[in-house]
Amino acid sequence: MIEVSTSILSMKKGEESKTFFGLEKAKTDYFHIDVMDGKFVEKNTYKKMLENSAYIKRISNLPLDVHLMVENIEEAINDFTSVEPNIITFHYEACKNNEEVMKYIKKIKENNCKVGLSIKPETPVEEIYEFLPYTHMCLIMTVEPGKGGQTFLTDMVEKIKELKKYIDEKNIEIDIEVDGGINLTTMESVKNAGANILVAGTAILLAKDYKIIIDEFKK
Ligand code: DX5
Ligand code: ZN
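Residues numbered from 1 in each chain as written. Chains lettered and ligands numbered in written order. Predicted model: local features only at pLDDT ≥ 70, side-chain atom pairs only at ≥ 80, totals over all residues. Heavy atoms only, no water.

## A few points about the packing of helix 1 (residues 16-25) against helix 2 (residues 46-59)
Right, so step 1: Following both chains from N to C, one finds helix 1 and helix 2 inclined at 55°, their axes separated by 11 Å at the closest point. Viewed along their axes, helix 1 and helix 2 adopt a mutual orientation that is oblique. When the axes of helix 1 and helix 2 are compared, the crossing they make is right-handed. Across the interface between the two elements, Glu 16, Ser 17, Phe 20, Phe 21 and Glu 24 of helix 1 pack against Asn 52, Tyr 55, Ile 56 and Ile 59 of helix 2.
Right, so step 2: Considering only residue class, the contact of helix 1 with helix 2 consists of five nonpolar, two polar and two charged. (Axes fitted to C-alpha atoms, helices over the stretch in contact; angles between N-to-C directions. Helix = DSSP H or I, 4+ residues; strand = E, 2+ residues; numbered from the N terminus. Parallel < 35°, antiparallel > 145°, perpendicular 65-115°, else oblique. Left-handed = near helix turned anticlockwise from the far one by under 90°. Contact = heavy atoms within 4.5 Å. Nonpolar A, V, L, I, M, F, W, Y, C, P; charged D, E, K, R; others polar.)

## As for the layout of surface pockets
Right, so step 1: Quantified by volume, the largest pocket comes out at close to 250 Å³.
Right, so step 2: Residue lining of the largest pocket: 23 residues in total, with Gly 148, Gly 149, Asp 179, Gly 180 and Gly 181 positioned closest to the centre.
Right, so step 3: Broken down by secondary-structure element, the contributors of at least two residues to the lining of the largest pocket are strand 2 (30-36), strand 8 (197-200) and helix 7 (202-205).
Right, so step 4: The residue inventory of the lining of the largest pocket, partitioned by class, reads nine nonpolar, 11 polar and three charged.
Right, so step 5: Grouping the amino acids of the lining of the second largest pocket by side-chain chemistry returns four nonpolar, two polar and three charged. (1 Å grid on protein atoms, 1.4 Å probe; cavity = no way out; pocket = protein on both sides within 12 Å on 5 of 7 lines; lining within 4 Å. Points joined across faces, edges and corners; volume = space filled by probe spheres on them.)

Pasting the structure below:
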């Protein structure tokens, strides 16, 4: 089964309630919350995403899929657990060492959230194999994190395949999420490679009818 997590990063200001209700009606499976700190990536969306998450929490029962693109993971976990996300994903590259990765995995679980671990395009997937048994999701970035509307990096398809092969061989039950440049053209290759949660921002938000796109993604 394919699930869709809609990134609200490129949502127009002032259209919050219209967008959230529309996405719920179109049956997005998650709201994808892109948290940026102006350090790990250039943009800073921290406060805005905290506000948007709290607002979604008040008007919707749909789960929040929080993607932390921050250096200070500890602080972000503390801040974002207040909106009770279903899952919090952090970046492997933002951790100083393996102990730190395990520390954050534990901390997120202690806050009753599922855990995702993400890697940037240049990071080989083997580097995070040892953590996979402790996580619920692996997020493969298919663009350089930092902004919406970028072009999908086709080289990432091999990485997804490699990960899928590994988790099947080792019998590890985790979700594979892909994020960046996913649209009706690029979705086929990532689905075939083994991704089962598709993040999409602009492909859904810029469409006239969210449901048509979301239905296609889920097919
Ligand atoms: C990029 C973010 C993505 C992005 C997706 O740093 O993590 O979630 O906003 O947007 P699109 O689908 O437009 O590439
Ligand atoms: Zn994201």
